[in-house]
Protein chains: 2
Amino acid sequence: MALVDLPRPDIEAGLESAHRAYEEFAARGLSLDITRGKPGSDQLDLSADLLTAVTAENYRAPDGTDTRNYGGLDGLLELREMFGELFSVPASQLLAQGNSSLTLMSQALVFASLFGTADEDSVPWASGPRRILCPVPGYDRHFGLAEALGFELVTVPQDDEGPDMDAVRALTAEDPSVKGIWIVPMYSNPTGITVSEARAKELLDLETAAPDFRILWDNAYGLHHLREPHAALLDILGLAAASSRPDRVWMFASTSKITLPGAGVAFFAASPRDTDWFRKHLSPTSIGPDKVNQLRHLHFFGTPDGVRAHMEKHAALVLPKFEAVERILAEELGDLGIATWTAPNGGYFITLTVLPGTADRVVKLAAEAGVKLTPAGATHPYGLDPDNAVIRIAPTMPSLDEVEQAARGLAACVRLAAHEALLARDS
Amino acid sequence: MALVDLPRPDIEAGLESAHRAYEEFAARGLSLDITRGKPGSDQLDLSADLLTAVTAENYRAPDGTDTRNYGGLDGLLELREMFGELFSVPASQLLAQGNSSLTLMSQALVFASLFGTADEDSVPWASGPRRILCPVPGYDRHFGLAEALGFELVTVPQDDEGPDMDAVRALTAEDPSVKGIWIVPMYSNPTGITVSEARAKELLDLETAAPDFRILWDNAYGLHHLREPHAALLDILGLAAASSRPDRVWMFASTSKITLPGAGVAFFAASPRDTDWFRKHLSPTSIGPDKVNQLRHLHFFGTPDGVRAHMEKHAALVLPKFEAVERILAEELGDLGIATWTAPNGGYFITLTVLPGTADRVVKLAAEAGVKLTPAGATHPYGLDPDNAVIRIAPTMPSLDEVEQAARGLAACVRLAAHEALLARDS
């Protein structure tokens, strides 16, 4: 029976039991961190050979380029071909850059803010009010970046196929200050949903008051399958080219969670016109990316299939952690009706939805018991989750044993906070 | 006797001879490139061990940081300490970032453009007209970056100690839109001059109408001595701290011409307050730089003295090329009074000043004979050298033999263009 339906004395008894479980957990004096989507060191070890994949004997790219010297703003052609195949993007529309896709997103937004987009009617976005749509729960760094650049963050609900299009339509139809929408199209951070082709087409066909509306398509987890069925990677630039809005998509991706987060390669892709626009504004700011590191990636993977095989090794390390969290949450919370959680087939996160009003209490209890979680609300614009219910779990970084302990402790916190809230409500 | 003083028939005879020399040179069908300050491959070979200086066995920083994972926005502390010593900057005020100091300059200017500086009275620079002082001859990418960001470029003459302060004072005293000045303080690109301490202090003490005036101190060649006497590296942030304008300097540097141009480490430094300002605006755009590559540099050099010893190896390879250019120009042009050239004690460039009005003709003649030079005017804002006289020579990239051939050919072009011009003038 759901906790909420129990008679008060039973809840009171439950509180006592939940308190005991929590105290026992806290007494262990653990120090666990499941805040950020950082790969575990076992995952980083998978890329050990990347570190030495370019030596004094093989520093030339297949086309003869000495990768050690200046030049080559677009990045190494052969690496762009490799990841172009993986992301369904022609190499001519894919730029391989530095170690951070977040930096590329910031550059695209800065270029639009200072110069406007390549659209005929575009003026510099910073010359007036600007808003960006934020499907929730979403990625805190997306929201923080846009906020820092002066965008007002506008919350949009989403379902299993992507953002709620009625809400999107209502917000974009009349307001030319709504300049874009954040989308994590596959195994979304943090809910794990994947945008359907139908929804993507609706976003492409959307009539917007802004002539320069953009979909910020951050395919951060496009290759990060954990189990079957694998989500399908959309040919989003092909769909855009076939739509009436061929320039609407700016795509981002990186190898941060494929090879090494500190030392990967980030990618920008767009229509031919918008790729030219990005390159034009990038050009004064850089003589070119770190081609040596790009060549390392090329040597390390060899082929697109090399990347795919590498991602299977990641899944073999990561999936048991996701399964452990799911199993323990089911054991501890399964029949109480006080929490639901996602079981994504890929990506880096589990979203735990607790009794409304208790997420911040859960996070606080967990912190006091030695389990660090992302602050409640972080999945929402301005850190404000109106339901105070969403918690993001990042199970990759700790060991499997630590993940199990953290999940068990987290469940105790959820139970305790729920009991407290139900009794407070009824008193 | 100087060419200009010869009687016309002698100049006519000289033209014929110059023509023959040029045609002979052109007939060789060379293809040489002395346009950009790119290290030669022998210089890149000096850093061969850098490529494999981080392996699966030694990827942790001295403080235990796993450099492969996310985090550490400031860059590796130990590398900042190493280069902090070399550049006279406390490590706490030195940020180690990606592969490009040009990118850091663009970020500093973008942050100021969108948000204003940390000064109390600063408003976003992009909210109004903005100008930047450009001592000439200077670095074309400095000018291009500022122009792309909407700055009007204002030419300032310079002498052997730095920018002409009367001109600087006249331009900055009344006009609050003058926001900064480009300075390459050591072995300047392209003239090789080094800013004196007295001149630096004048720049620090300058009364400006703009409350947020900045010296963009690009110490790109701060460690790049070629021969004695070595120029002294100024403790510019210490001088600023002791002045009435402690926040006036933004310093930039990189290892692009120390290790590998494509795969080096770039640095930003400023006062504590402005370092905080830069970090605050950088933070939303990046989770951190490539720490693996920073650790490579730390391992490769070991100590600041390791860097100094490495720079001596560069000098041993580069100095003969500079000496060859100087020797050949002296042989070919020494007594004609149609050209002067710099003989810098460090850096990457020789500035050749030809008969006014002939620089573009020299560049064109050289290109047609197979020697690619930076376009005439590139050393000036908007590519416009009012005297049409300055040519930048970058002798590092080609082999010594090629440099000698290029210098010989270039001298033939200078002679031919001068004869043509003198005869056209007199006719």
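In this text the structure is predicted, and so the values were computed from the model without any measurement.

Draft legend 1. Region of interest: the overall build of chain A. Tallying secondary structure elements over chain A gives 13 helices and 13 strands in all. At 23 Å, chain A has a C-alpha radius of gyration in line with the 22 Å of a compact globule built from 427 residues. Principal-axis analysis of the C-alpha atoms gives chain A an extent of 75 × 55 × 35 Å. Entry remark: accessible area of chain A is about 15000 Å², with carbon and sulfur atoms responsible for 52%. Put simply, chain A has 36 plus and 58 minus side-chain charges, and the middle of one group is 4 Å from the middle of the other.

Draft legend 2. Examining empty space enclosed by the protein more closely. Counted according to the given criterion, the structure contains 8 cavities of 30 Å³ or more. Along the wall of the largest cavity there are 32 residues; nearest its centre are Gly 98, Asn 99 and Thr 103 of chain A together with Gly 98 and Asn 99 of chain B. Those elements giving two or more residues to the lining of the largest cavity turn out to be α4 (101-115) of chain A together with α4 (101-115) of chain B. Partitioned by chemical class, the residues of the lining of the largest cavity number 8 nonpolar, 22 polar and 2 charged.

Draft legend 3. Examining the pairing of strand β3 (residues 131-136) of chain B more closely. Residue and element names in this part refer to chain B. Taken across its 6 residues, β3 has 5 buried, putting it largely inside the fold. Where β3 meets strand β4 (residues 152-159), 6 bridges bridge the pair, whose relative direction is parallel. What sits directly across from Ile 132, in β4, is Leu 153. In terms of handedness, the path from β3 via helix α5 (residues 140-148) over to β4 forms a crossover that is right-handed. Note that β3 and strand β6 (residues 178-183) share 3 bridges and pair parallel. Counted as the bridge partner of Ile 132 is Gly 180 from β6.

Draft legend 4. Local environment of the domain arrangement of chain A. All names here are of chain A. If you check the domain split of chain A, you get domain 1 (3-44 + 308-426) and domain 2 (61-302). Each of domain 1 and domain 2 has a C-alpha centre, and the two are 31 Å apart. Each partner contributes to the interface: domain 1 provides 32 residues, whereas domain 2 provides 35 residues. Here domain 1 is connected to domain 2 by 3 salt bridges. With its nearest N and O atoms 3.7 Å apart, the salt bridge here joins Glu 85 to Arg 308. At the boundary of domain 1 and domain 2, one finds 15 residue pairs in polar contact (both at pLDDT 80 or more). Contributing elements (two or more residues each) for the side of domain 1 that touches domain 2: α11 (304-333), β11 (350-354) and β13 (390-393).

Draft legend 5. Local environment of the layout of surface pockets. As a volume, the largest pocket reaches approximately 370 Å³. In this structure, the largest pocket is lined by 24 residues; those nearest its centre are Tyr 139, Arg 141 and Lys 257 of chain A together with Tyr 70 and Ile 287 of chain B. Examining the composition of the lining of the largest pocket, we find that 3 residues originate from one element, α4 of chain A, more than from any other.

Draft legend 6. Region of the structure containing the side chain of His 225 of chain B. All names here are of chain B. For His 225, the location among the structural elements is in the loop between β7 (214-218) and α8 (236-242). A polar side-chain atom of His 225 sits 2.7 Å from a polar atom in the side chain of Tyr 187. Contacts of His 225, omitting those with residues within four sequence positions, involve Met 186, Tyr 187, His 230, Ala 231, Ala 315, Asn 345 and Gly 346.

Draft legend 7. View of α4 of chain B. All names here are of chain B. Between its terminal C-alpha atoms α4 stretches 21 Å, which fits the 21 Å expected from 15 residues at 1.5 Å a residue. Most of α4 is tucked away, with 14 of its 15 residues classed as buried. Looking at where α4 begins, the residue whose side-chain oxygen comes 3.3 Å from the main-chain nitrogen of Leu 102 is Ser 100.

Draft legend 8. Representation of the packing of α4 of chain A against helix α9 (residues 272-282) of chain A. Residues and elements named next belong to chain A. Between α4 and α9, whose axes approach to 10 Å, the crossing angle comes to 85 degrees. For the element pair α4 / α9, the angle class is roughly perpendicular. Each of Leu 104, Gln 107, Ala 108, Phe 111, Ala 112 and Phe 115 in α4 lies in contact with α9, whose residues at this interface are Trp 277, Phe 278, His 281 and Leu 282. Across the contact of α4 with α9, the residue classes break down as 8 nonpolar, 2 polar and no charged.

Draft legend 9. The arrangement of the interface of chain A and chain B in detail. Counting from both sides, the interface comprises 52 residues of chain A and, opposite them, 52 residues of chain B. At the boundary of chain A with chain B, total buried surface from both sides reaches about 4000 Å², with 60% on carbon and sulfur atoms. If you sort the residues of chain A by the area they bury against chain B, Leu 51, Arg 68 and Tyr 70 of chain A come out on top, with a joint share of 19%. In this assembly, chain A and chain B are joined by 2 salt bridges. A salt bridge links Asp 45 of chain B to Arg 68 of chain A; the nearest nitrogen and oxygen atoms lie 2.8 Å apart. Put simply, chain A and chain B have 12 residue pairs in polar contact (both at pLDDT 80 or more) between them. Those elements giving two or more residues to the side of chain A that touches chain B turn out to be α2 (41-45), α4, α5 (140-148) and α10 (291-301) of chain A. When its residues are assigned to classes, the side of chain A that touches chain B shows 25 nonpolar, 18 polar and 9 charged.

Draft legend 10. A look at the sheet that holds β11 of chain A. Residues and elements named next belong to chain A. Within the open sheet, the 3 strands sit side by side as β10-β11-β13. Their pairing is antiparallel. Each edge of the open sheet carries a strand with a single partner, namely β10 (339-341) and β13. Neighbour-to-neighbour, the strand axes of the sheet open up by a mean angle of 20 degrees, direction not taken into account. For β11 and β13, the ladder comprises 4 bridges, and the chain directions are antiparallel. In the strand pairing of β13, Thr 351 is matched with Arg 392.

Draft legend 11. The packing of aromatic side chains, seen in detail. Residues and elements named next belong to chain A. Throughout the structure, instances matching the rule amount to 28 aromatic pairs over all chains. Judged by centre distance (6.3 Å) and plane angle (90 degrees), the rings of Tyr 221 and Phe 349 are edge-to-face. Of this pair, Tyr 221 sits in the loop between β7 (214-218) and α8 (236-242) while Phe 349 sits in the loop between β10 and β11; the two residues are 128 residues apart in sequence, bridging distant segments of the chain. The two residues Tyr 221 and Phe 349 agree in class, both being buried. For the ring pair Trp 250 and Trp 277, a centre distance of 5.0 Å and an interplane angle of 10 degrees mean the geometry is stacked. Remark: Trp 277 occurs in helix α9 and Trp 250 occurs in strand β8 (residues 249-254); sequence separation between them is 27 residues. Judged on exposure class, the residue Trp 250 and its partner Trp 277 are both buried. Counting every residue linked through ring pairs, the aromatic cluster contains Phe 111, Phe 115, Trp 125, Phe 151, Trp 250, Phe 252, Phe 268, Trp 277 and Phe 278. Stacked on the ring of Phe 151, the Lys or Arg Arg 130 has its end atom at 5.9 Å from the ring centre.

Draft legend 12. Inspection of helix α1 (residues 8-27) of chain B at higher detail. Residues and elements named next belong to chain B. For α1, spanning 20 residues, the distance from its first C-alpha to its last is 28 Å, which sits close to the expected 28 Å at 1.5 Å a residue. All of the buried residues in α1 are Ile 11, Gly 14, Ala 18, Tyr 22 and Phe 25. With its buried residues spanning 75 degrees around the axis, α1 presents them on a single face. Turned more than 90 degrees away from the buried face of α1 sit Pro 9, Glu 16, Glu 24 and Ala 27, all of them exposed.

Conventions and cut-offs
- Residues numbered from 1 in each chain as written.
- Chains lettered and ligands numbered in written order.
- Predicted model: local features only at pLDDT ≥ 70, side-chain atom pairs only at ≥ 80, totals over all residues.
- Heavy atoms only, no water.
- Helix = DSSP H or I, 4+ residues; strand = E, 2+ residues; numbered from the N terminus.
- Rg over C-alpha atoms; globule rule 2.2 N^0.38 Å.
- Areas by Shrake-Rupley, 256 points an atom, 1.4 Å probe, with all protein chains shown as cover.
- Lys, Arg positive; Asp, Glu negative; His and termini not counted.
- Charge placed at Lys NZ, Arg CZ, Asp CG, Glu CD.
- 1 Å grid on protein atoms, 1.4 Å probe; cavity = no way out; pocket = protein on both sides within 12 Å on 5 of 7 lines; lining within 4 Å.
- Points joined across faces, edges and corners; volume = space filled by probe spheres on them.
- Nonpolar A, V, L, I, M, F, W, Y, C, P; charged D, E, K, R; others polar.
- Buried < 20%, exposed > 50% of the residue type's maximum accessible area, 1.4 Å probe, protein only.
- Pairing = 2+ DSSP bridges.
- Right-handed = clockwise from strand over helix to strand, strands pointing away.
- Domains from an automatic or database assignment.
- Contact = heavy atoms within 4.5 Å.
- Salt bridge = Lys/Arg side-chain N within 4 Å of Asp/Glu carboxyl O.
- Polar contact = N/O pair within 3.5 Å; in protein donor to acceptor, adjacent residues only side chain to side chain.
- Expected span 1.5 Å × (residues − 1).
- Axes fitted to C-alpha atoms, helices over the stretch in contact; angles between N-to-C directions.
- Parallel < 35°, antiparallel > 145°, perpendicular 65-115°, else oblique.
- Buried area = accessible area lost by both parts, 1.4 Å probe.
- Phe/Tyr/Trp six-rings, centres within 6.5 Å; stacked < 30°, edge-to-face > 60°.
- Lys NZ or Arg CZ within 6 Å of the ring centre and 35° of its normal.
- Arc of directions from axis to C-beta.

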